[in-house]
Amino acid sequence: MRRAIYLLLWLCLLVLAPLPALAGPRIALVVGNGAYRNVAQLANPANDAKLMASTLQALGFTLIGGAPQLDLDKAGFDTAVQTFGQQIQGAEVALFYYAGHGLQLRGTNYLVPVSANPTREADVDFQMVDVELVLRQMEGSGTRLNIVILDACRNNPFGGRGLRATGGGLAQMQAPEGTLISYATQPGNVAQDGEGDSPYTKALAETLHRPGLGIFDAFNAVGLAVKEATGGAQQPWVSSSPIAGSFYFAGAPAAATPSGDPAAQAWSAVQGTESQDVLQAFLKQFPDGLYAALAKTRLQQLLQQPKVAANQQSSPASPDPSSSRAKTEKQKIALAVPAEKPEASTPTPSPGTLLRTFEGHSDFVRSVAFSPDGRLLASGSDDKTVKLWDVAS
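This is a predicted model, so every value here is computed, not measured.

The rules behind the values
Residues numbered from 1 in each chain as written. Predicted model: local features only at pLDDT ≥ 70, side-chain atom pairs only at ≥ 80, totals over all residues. Heavy atoms only, no water. Helix = DSSP H or I, 4+ residues; strand = E, 2+ residues; numbered from the N terminus. Buried < 20%, exposed > 50% of the residue type's maximum accessible area, 1.4 Å probe, protein only. Contact = heavy atoms within 4.5 Å. Salt bridge = Lys/Arg side-chain N within 4 Å of Asp/Glu carboxyl O. Pairing = 2+ DSSP bridges. Expected span 1.5 Å × (residues − 1). Polar contact = N/O pair within 3.5 Å; in protein donor to acceptor, adjacent residues only side chain to side chain. Core = buried A, V, L, I, M, F, W, Y, C linked by side-chain atoms within 4.5 Å. Phe/Tyr/Trp six-rings, centres within 6.5 Å; stacked < 30°, edge-to-face > 60°. Right-handed = clockwise from strand over helix to strand, strands pointing away.

Asker: Let's hear about unusual backbone geometry: which residues, and what values?
Answerer: Peptide bonds are trans in most cases, and residues, glycine excluded, mostly fall at negative phi. Within the chain, Asp-71 stands out as a residue other than glycine whose phi angle is a positive 50°. Among the secondary structure elements, Asp-71 is positioned in the loop between strand S3 (69-70) and helix H3 (74-87).

Shown next, in the form of structure tokens:
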């Protein structure tokens, strides 16, 4: 509980600044098509979709349908995209991921439902899903950022059916405003299917978990990882319009954490904790948003650990009340509770000198925390109170 009290003290200091609006939701539609009925089946798309779904959920995304959408026929695909368009209204981020067959026909990219069975070019419009349909759902939705991820650059399975205008891989598309489109390989090229998971999706899942990577840095890292894994045979490609602001899948780096975002600052301080009490205290103060989702995921991981380990982490030894002392570069303050009267501060104190004694708690002080500028001090006591002190006064 000592670490939980410390967190509450830190949060108490953070909320002195005006609270910004909570970040909007992150919504994702994840589709994996592999069980094709009329052409050779693909083994990996279902695995790829499941891997991406679990990755995105751990990063605070809400999935359409609550799970990856697997082996969709044309009607099911249309319904999923329509639902996606409805639920992303006003979201912070909308993300569409697809693994499966894809092809380009006369410069237009199509995603292939498992029911597709075209015998001529005219069938494609009715049996497949134009990627532009997904982009149109995103436009005008009010999202801050749209991301389209296409692991669909495999060989055209209908090449022998008279679809003469089809090209290899997918065609490059112009990204609408506030949109990033990521391809598993360069436009016009064919991506590898891989073993178990595609090289591209595997690199995505590993990279997006890394905190501190901006969106462009993240997809650049994915590209380098895939290039290395395939010996240069496959090089992912990104098409993007200008994107306002910064976006981090797994949280901003500590140095770049916005000073006005209490949730971001608090999460930066506690994200590596092993204490369930600390995470529960964090969630009580910040129950919504990206950092709440990250905290819930971390808490679930700790709850799944063996009870012995959990007990060891949640029962830290109580400190000696007589040794409670907080230090900063400019102040060294010892707390004595209760106290008779405040003592005058000395102009040039030596280390450990008592500068000020505070009154107000009715029991032992268990933890203290300073504001970043060192001017404010918060103290927490066994009497279950938290008090804020002006050090300078």
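Asker: Summarise helix H6 (residues 199-208); cite the residues concerned and give the values.
Answerer: The element H6 is extensively covered by neighbouring structure, given that 8 of its 10 residues are classed as buried. Every buried residue of H6 is listed here: Pro-199, Tyr-200, Thr-201, Ala-203, Leu-204, Ala-205, Thr-207 and Leu-208. Contacts made by the buried residues of H6 are with helix H2 (45-58), strand S4 (93-99), strand S8 (145-151), strand S10 (179-183) and helix H7 (215-229).

Asker: Help me get a handle on the pattern of salt bridges, residues and values and all.
Answerer: The final tally for this structure, using the stated rule, is 5 salt bridges. For Asp-123, the salt bridge identified is with Arg-120, shortest N-O distance 3.5 Å. The partner of Glu-274 in a salt bridge is Arg-298, and the shortest N-O contact between them spans 2.8 Å. Here Glu-274, found in the loop between helix H8 (262-270) and helix H9 (276-285), pairs with Arg-298, found in helix H10 (residues 290-303); they are 24 residues apart in sequence, far enough to count as distant. Arg-298 gets classed as buried once you look at its relative accessible area, which sits at 16%.

Asker: So, the pairing of strand S5 (residues 102-105): which residues are in play, and what are the values?
Answerer: Here S5 shows a buried face lined by Gly-102 and Gln-104 and a second buried face lined by Leu-103 and Leu-105. In this structure, S5 lies alongside strand S6 (residues 108-111), joined through 4 bridges in antiparallel fashion. In the sheet register, Leu-105 faces S6, and the bridge partner there is Thr-108. Linking S5 back to S6 in an antiparallel pair, the connection comprises 2 residues, with Arg-106 at a positive phi of about 55°.

Asker: Explain the environment of Leu-224 residue by residue, including any values.
Answerer: Relative to the assigned elements, Leu-224 resides in helix H7. In this structure the C-alpha to C-alpha distance between Leu-224 and Gln-234, which are 10 residues apart in sequence, comes to 9.9 Å.

Asker: How would you sum up H10? Please name residues and give values.
Answerer: End to end, H10 covers 20 Å across 14 residues, agreeing with the expected 20 Å (1.5 Å per residue, within 8%). For H10, every residue scored as buried is listed here: Leu-290, Tyr-291, Ala-292, Ala-293, Leu-294, Ala-295, Arg-298, Leu-299 and Leu-302.

Asker: Quick rundown of the side chain of Ser-275? Include the residues and the values.
Answerer: Of note, Ser-275 is situated in the loop between H8 and H9. Assessed through its relative accessible area of 4%, Ser-275 is described here as buried. A distance of 3.3 Å separates a polar side-chain atom of Ser-275 from the backbone nitrogen of Val-278.

Asker: Describe the nonpolar core, with residues and values.
Answerer: By size, the foremost hydrophobic cluster in this structure holds 40 residues, and its most contacted members are Phe-77, Phe-84, Phe-96, Tyr-98, Leu-111 and Leu-150. Residue assignment for this core shows that the elements contributing at least two residues are strand S1 (26-32), H3, S4, S5, S6, helix H5 (131-138), S8 and S10. Sequence-distant contacts of Phe-96, defined by excluding residues within four places in its chain, comprise Leu-29, Val-31, Phe-77, Phe-84, Leu-111, Val-134, Met-138, Ile-147, Val-148, Ile-149 and Leu-150. Counting 32 residues, the second-largest nonpolar core is a separate cluster that includes Leu-56, Leu-95, Ile-147 and Ile-149.

Asker: With reference to specific residues and values, describe the packing of aromatic side chains.
Answerer: Ring pairs (aromatic) are described by centroid distance and by the angle formed between their planes. Scanning the model with the defined rule gives 6 aromatic pairs in all. On the basis of an interplanar angle of 75° and a centroid distance of 5.0 Å, the ring pair of Phe-247 and Phe-249 is categorised as edge-to-face. Each member of the pair, Phe-247 together with Phe-249, is buried. Each residue in the set Phe-61, Phe-219, Phe-247 and Phe-249 is aromatic and connected to the rest through ring pairs, giving one cluster.

Asker: Give me the side chain of Gln-234: which residues, what numbers.
Answerer: Following the sequence through the fold, Gln-234 ends up in the loop between H7 and strand S11 (237-240). Judged by relative accessible area, Gln-234 falls into the buried class, the value being 0%. At 2.9 Å, the side chain of Gln-234 and the backbone oxygen of Ala-184 are in polar contact.

Asker: Explain the pairing of S1 residue by residue, including any values.
Answerer: Burial analysis of S1 places 7 of its 7 residues in the buried class, the great majority of the element. Alternating positions in S1 separate into two faces, Arg-26, Ala-28, Val-30 and Gly-32 on one and Ile-27, Leu-29 and Val-31 on the other, with burial throughout. Pairing of S1 with strand S2 (residues 61-63), which is carried by 3 bridges, proceeds in the parallel orientation. Bridging across to S2, Ile-27 finds its partner in Thr-62. Taken together, S1, H2 and S2 form a β-α-β motif whose crossover is right-handed. For S1 and S4, the ladder comprises 7 bridges, and the chain directions are parallel. Bridge assignment links Gly-32 to a residue of S4, and that residue is Ala-99. Here S1 pairs with S3 via 2 bridges, running parallel. Bridged to Val-31 within S3 is Gln-69.

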